[in-house]
Amino acid sequence: MAVSISAPVHDVLVLQHTLEDHPAYLGQWLDAQGADWQVFCTEAGQAYPASVAPYRALAVLGGEWSANDERPSLRQAEALIREAEALGVPVLGHCLGGQLMARAFGGRVARLPQPEVGWLPITLHDTPAARAWFGGPRQATVYQWHYDGFVDLPVGAEWLASSPACPHQAFALGIHLAMQFHVEITPPKIADWLAAPGDVYPGAIARHPDSVQPPEAMRAATARHQAGSEALADAIYAAWRARWRR
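Here is a short report on the structure shown in this document. All values reported here derive from a predicted model rather than from experimental measurement.

Criteria and cut-off values
Residues numbered from 1 in each chain as written. Predicted model: local features only at pLDDT ≥ 70, side-chain atom pairs only at ≥ 80, totals over all residues. Heavy atoms only, no water. Axes fitted to C-alpha atoms, helices over the stretch in contact; angles between N-to-C directions. Helix = DSSP H or I, 4+ residues; strand = E, 2+ residues; numbered from the N terminus. Parallel < 35°, antiparallel > 145°, perpendicular 65-115°, else oblique. Left-handed = near helix turned anticlockwise from the far one by under 90°. Contact = heavy atoms within 4.5 Å. Salt bridge = Lys/Arg side-chain N within 4 Å of Asp/Glu carboxyl O. Buried < 20%, exposed > 50% of the residue type's maximum accessible area, 1.4 Å probe, protein only. Nonpolar A, V, L, I, M, F, W, Y, C, P; charged D, E, K, R; others polar. Core = buried A, V, L, I, M, F, W, Y, C linked by side-chain atoms within 4.5 Å. Pairing = 2+ DSSP bridges. Right-handed = clockwise from strand over helix to strand, strands pointing away. Polar contact = N/O pair within 3.5 Å; in protein donor to acceptor, adjacent residues only side chain to side chain.

### Considering the packing of helix H2 (residues 72-87) against helix H3 (residues 96-104)
Now for step 1: At their nearest, the axes of H2 and H3 sit 9 Å apart, and the two run at 65 degrees to each other. Classed by the angle they form, the pair H2 and H3 counts as roughly perpendicular. Remark: the crossing between H2 and H3 carries right-handed chirality. In this structure, H2 uses Leu 74, Arg 75, Ala 77, Glu 78, Ile 81 and Arg 82 to contact H3, whose residues at the interface are Leu 96, Leu 100, Met 101, Arg 103 and Ala 104.

### A closer look at the pattern of salt bridges
Now for step 1: Under the counting rule described, the total for this entry stands at eleven salt bridges.
Now for step 2: Residues Arg 56 and Asp 11 are paired through a salt bridge, measuring 3.1 Å at the closest nitrogen-oxygen approach. With a gap of 45 residues between them, Arg 56 in strand S3 (residues 55-60) and Asp 11 in strand S1 (residues 10-16) connect regions that are remote in the sequence.
Now for step 3: Arg 56 gets classed as partly exposed once you look at its relative accessible area, which sits at 23%.
Now for step 4: For Asp 152, the salt bridge goes to Arg 108, with nearest N and O atoms at 2.7 Å. With a gap of 44 residues between them, Asp 152 in strand S6 (residues 139-152) and Arg 108 in strand S5 (residues 108-124) connect regions that are remote in the sequence.
Now for step 5: Residue classification places Asp 152 among the partly exposed positions, given a relative accessible area of 35%.
Now for step 6: Within the structure, one salt-bridge network assembled from shared partners comprises Glu 70, Arg 75, Glu 78 and Arg 103.

### Focus on the packing of helix H5 (residues 187-195) against helix H7 (residues 215-241)
Now for step 1: The contact between H5 and H7 brings their axes to 11 Å, and the two run at 170 degrees. As summarised for this structure, H5 and H7 are arranged roughly antiparallel, according to the angle between their axes. The segment H5 lies against H7, with Pro 187, Ile 190 and Leu 194 engaging Pro 215, Met 218, Arg 219, Thr 222 and Gln 226.
Now for step 2: Here the contact of H5 with H7 is composed, by residue class, of five nonpolar, two polar and one charged.

### What to know about the nonpolar core
Now for step 1: With 34 residues, the main nonpolar core has Leu 30, Phe 134, Leu 160, Phe 181, Ile 236, Tyr 237 and Trp 240 as its most contacted residues.
Now for step 2: A total of six residues in this core trace back to one element, the largest contributor, which is H7.
Now for step 3: Apart from residues lying up to four places away in sequence, Leu 160 is in contact with Thr 123, Leu 124, His 125, Thr 127, Ala 129, Ala 130, Trp 133, Phe 134, Ala 170, Phe 171, Ala 172 and Leu 177.
Now for step 4: With 29 residues, the next largest nonpolar core counts Leu 15, Tyr 48, Tyr 55 and Ile 81 among its residues.

### Details of the pairing of strand S2 (residues 37-41)
Now for step 1: Pairing of S1 with S2 involves five bridges; the strand directions are parallel. When the sheet's bridge partners are listed, Val 12 is paired in S2 with Trp 37.
Now for step 2: With helix H1 (residues 25-32) bridging S1 and the parallel S2, this β-α-β connection has right-handed handedness.

### A look at the environment of His 208
Now for step 1: Looking at where His 208 falls in the secondary structure, it is placed in the loop between helix H6 (200-207) and H7.
Now for step 2: Relative accessible area serves as the criterion here: at 16%, His 208 is assigned to the buried category.
Now for step 3: The sequence separation of His 208 and Ala 231 amounts to 23 residues, and the corresponding C-alpha distance is 29 Å.
Now for step 4: Setting aside residues no more than four positions away along its own chain, His 208 makes contact with Pro 113, Gln 114 and Pro 115.

### Section: the pairing of strand S9 (residues 176-179)
Across a regular strand the side chains alternate sides, sitting on one face of the sheet and then on the other.
Now for step 1: Here S9 shows a buried face lined by His 176 and Ala 178 and a second buried face lined by Leu 177 and Met 179.
Now for step 2: Judged from the three bridges that link them, strand S4 (residues 91-94) and S9 form a sheet pairing that is parallel. The partner of Leu 92 across the bridge, within S9, is Leu 177.
Now for step 3: The sheet contact formed by strand S8 (residues 170-173) and S9 spans four bridges and is antiparallel. By the bridge assignment, Phe 171 is partnered in S9 with Ala 178.
Now for step 4: The hairpin turn running from S8 into S9, its antiparallel successor, is two residues long, and Gly 174 in that turn takes a positive phi close to 60 degrees.

### Some words on the side chain of Glu 184
Now for step 1: Structurally, Glu 184 is set in the loop between S9 and H5.
Now for step 2: A polar side-chain atom of Glu 184 sits 2.8 Å from a polar atom in the side chain of His 182.
Now for step 3: A polar contact is formed between the side chain of Glu 184 and the side chain of Lys 189, at a distance of 2.8 Å.
Now for step 4: Among residues more than four places away in sequence, those in contact with Glu 184 are Asp 21, His 22, Pro 23, Ala 24, Tyr 25, Leu 26, His 94, Lys 189, Trp 193 and Tyr 237.

In structure tokens form, the structure reads like this:
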């Protein structure tokens, strides 16, 4: 892919893989900031742009697919992530988006021994990079829905957060942040996912009760943790915006 150095004309490009994994709180936050942003959903038949050159920042959402699936749209997302690095466009990855960042930058994604689904605690590392992205707290309860994870970080990446079931919860690489969890989550989005949770989820509840929540527990936890999730998202998104290309 040829790298353009033309001036950006839009603030943010959002890559959406599947219909049910939409921008949600990220979209609300961008609107509140008055940002000029565009979202393209490949499952809706929208091809991803050929280049990130017209944008100041890139956000990559999650989805039920594996980052290792042989889908042209996933390889295009990785190409855009690599181009963003070349242009100084900061990339923010949510779940599958973070996994694609790991692959694009030379890391590895694989099936985890234990999935994470629901509201679960993570430890934020006490490092300058972690504080810069997440703010002050050392512990957070975040929303997870994943069976894969980035098991090997890219060379030069800074490890920022962990959990018992998924050691690599987040990493920073220069101006970019990859997360395994969903800070863009909202209660309506959770309700949509629980309405069609897929074939793997019911069995995972029985096999991994310590890291996969049943629907009733997840709904109760949403009432307790949504506000904290949005506060963490505000900190992360503000740190990302501070890095947008000028």
